[in-house]
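Here is how the chains run, residue by residue.
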Amino acid sequence: MNEMPNIPENAAQPQQEKVDRNLYEWVQALVVSVLAVMLLFTFVIRMISVDGTSMLPTLQDGDRLLVLDAAWCGELQYGDIVVLRKETFYYEPIVKRIIAVGGQTVDIDYSTGSVYVDGKLLEEEYINDLTFDDEGLEFPVTVEEGCIFVMGDNRNASDDSRNPRLGVVDERYVLGRAVFMLFPGRDSVTKKPDYSRIGIIRGLE
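What this report covers is the structure whose coordinates are included nearby. (Residues numbered from 1 in each chain as written. Predicted model: local features only at pLDDT ≥ 70, side-chain atom pairs only at ≥ 80, totals over all residues. Heavy atoms only, no water.)

**Things to note about the packing of aromatic side chains**
- Under the definition given, this model contains 3 aromatic pairs.
- Between Y110 and F139 the ring centres are 6.3 Å apart and the planes differ by 70°, which places this aromatic pair in the edge-to-face class. Linking Y110 in the loop between strand 5 (105–109) and strand 6 (114–117) with F139 in the loop between strand 7 (120–121) and strand 8 (141–142), this pair joins segments that are 29 residues apart in sequence.
- On the basis of relative accessibility, which here comes to 18%, the residue Y110 falls in the buried class.
- Taking the centre distance of 5.9 Å and the plane angle of 70° together, the rings of F139 and F149 count as edge-to-face. You can see F139 sitting in the loop between strand 7 and strand 8 and its partner F149 sitting in strand 9 (residues 147–151), a full 10 residues away along the chain. Taken as a pair, F139 and F149 share a single burial class, namely buried.
- In textbook terms, an aromatic cluster arises when at least three aromatic residues are bridged by ring pairs, as seen for Y110, F139 and F149.
- Directly above the ring of Y126 sits R97, whose terminal nitrogen or CZ lies 4.1 Å from the centroid. (Phe/Tyr/Trp six-rings, centres within 6.5 Å; stacked < 30°, edge-to-face > 60°. Helix = DSSP H or I, 4+ residues; strand = E, 2+ residues; numbered from the N terminus. Buried < 20%, exposed > 50% of the residue type's maximum accessible area, 1.4 Å probe, protein only. Lys NZ or Arg CZ within 6 Å of the ring centre and 35° of its normal.)

Coordinates in, geometry out; function isn't part of it.
Right under this line is the structure:
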């Protein structure tokens with residue numbers, strides 16, 4: 001009768017050590033990935049939901065945007081869609097488009113609905129309608145350095161820099177710049193999300 005060979009008790013130890021090492025490396029990679037995502041969404045990117053229709057037709061109520069933190073935005077410029085919060089005006093963050101930056105002069109002719117920056121008529125293909133809603137700010141207005149003038153694309157249904165309570169906005173109130181449409185809200189006409197709108201949000205050339 002053949003005897004079973006004697007197997008050392010520690011023969012399976014290298015295999016177990018390999019399994020333990022692979023498990024440790026997998027957990028380590030998972031933890032690092034989670035920490036990286038947490039840091040990214042804490043210091044670089046945040047998600048904002050659009051509340052209301054002041055940015056129609058560009059943005060819909062309920063759109064979810066990825067917003068690049070102000071610290072990483074660089075120089076703000078005309079056409080950028082920004083998220084800002086000035087608690088003395090409105091406690092929740094608001095989403096608006098930059099119309100003018102520091103040193104520029106804004107004028108609005110409410111009789112024709114025209115907006116001028118430094119005497120030049122803006123060709124605003126992005127707006128929902130011409131600008132007829134006078135919210136009380138006296139024009140022309142020269143934007144101070146380090147400040148911006150913002151308006152919603154849905155001009156006659158937007159509370160923005162035309163309101164003296166907001167007026168010219170200090171850039172320190174800017175939380176960030178909208179850079180990506182993550183998930184679309186329901187279209188104001190079809191009442192369904194238009195998934196073709198998902199993608200990079202670009203400023204105006």
